[in-house]
Amino acid sequence: MTEIPEHLLKRSRERRAALGLGGDAPSGEPAAGASEPGEAVAAATPSAPVPTAAAAATPAPVEEARPEPPKPDPLYVQAAKRRRRVPYWAMPVLAAMPLWGYVFVRTLSPPPVENDPLVLGQEVYTQNACAGCHGATGGGVSGPSFNDGAVIETWPDPLDQMMWVRVGAIGWPGNTYGAPPRTELSGTMPAHPQLSDQELAQVVLYERRVLSNEEPPPPADDVLLQIANGETTFAQAGLGPLSTDAGISESKLEGG
């Protein structure tokens, strides 16, 4: 330990005496109230806190309880979540699907046949004012009805009906016409000499098959349809039985 010079000790004592701190203490003795040098140094030096037993025993961290994992969704829910959603732009397309389906089905329908003898027969029926006497649907107005098989009862053979339409009441011999019981001749049925064999057969075919619901015979025996399609002529088919009985000339088979 280094010794303090005497002159410094003396000056210190004088200073302490001036301040009334007991500066007359011998140079080798410590002043009253002064502690040992080690104690002074210890007092001047702050001591480190002495760890206590409680502080030393650090409690172990408590592990928090982990939450249970969520239960998996049912399979149908998982499938619904994986399913791709319909995009918004597809909504108008889906809304228009019924209209598109209707148009598509209509395109699959066969177009009307232009040379259908029934369609052509309806045109002849309309253009020659047949509906004015017999009705647009054959129900009869001033002339007899064609409905419910009436025209078939009057004319069992279509060739006789064709002749009746061609010559009319004025060209039909006698005052009766049709099958028994014969109906009195009214004289109002006009003649249609301007109609060709095909047109004549087409209008009679329409009156019998459509307006009177006649069951067609087999194609090989359907002479009326053959004339309407131009496969044969009225002259080749010949007169019907009622026309023959009435005395119709075969020259009337040649039409306009």
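Just so it is clear, the structure is predicted and the values come from calculations on it, not from any experiment. (Residues numbered from 1 in each chain as written. Predicted model: local features only at pLDDT ≥ 70, side-chain atom pairs only at ≥ 80, totals over all residues. Heavy atoms only, no water.)

Novice: Please explain the nonpolar core as it appears in this structure.
Specialist: The nonpolar side chains of soluble globular proteins are, as a tendency, buried together. Among the nonpolar cores identified, the biggest contains 32 residues, and Tyr125, Trp155, Met162, Met163, Trp164, Trp172 and Phe234 are the most heavily contacted of them. Taken together, the elements giving at least two residues each to this core come down to α7 (117–127), α10 (158–171), α11 (197–211) and α12 (223–228). (Core = buried A, V, L, I, M, F, W, Y, C linked by side-chain atoms within 4.5 Å. Buried < 20%, exposed > 50% of the residue type's maximum accessible area, 1.4 Å probe, protein only. Helix = DSSP H or I, 4+ residues; strand = E, 2+ residues; numbered from the N terminus.)

Novice: Where do I start with the pattern of salt bridges in this structure?
Specialist: Any two side chains of opposite charge can pair, so long as their charged atoms come close to each other. Counted according to the given criterion, the structure contains six salt bridges. Ionic pairing is found between Arg13 and Glu6, a salt bridge with its closest N-O pair at 3.4 Å. Note that Asp222 and Arg209 form a salt bridge whose closest N and O atoms lie 2.9 Å from each other. With Asp222 in the loop between α11 and α12 and Arg209 in helix α11, the pair connects residues that are 13 residues apart, well separated along the chain. The two residues Asp222 and Arg209 agree in class, both being buried. The network of salt bridges with common partners includes Arg208, Arg209, Glu214 and Asp222. (Salt bridge = Lys/Arg side-chain N within 4 Å of Asp/Glu carboxyl O.)

Novice: Looking at this structure, how should I read unusual backbone geometry?
Specialist: Where the residue is not glycine, phi is negative for most of them; where a peptide bond is considered, it is trans in most cases. For Ala129, which is not glycine, the phi dihedral falls at a positive 60 degrees. Summarising the element assignment, Ala129 is placed in the loop between α7 and α8 (131–134). Even without a glycine there, the phi angle at Asp148 is positive, about 55 degrees. Mapped onto the fold, Asp148 is located in the loop between α8 and α9 (150–154). Its relative accessible area of 73% is what places Asp148 among the exposed residues.

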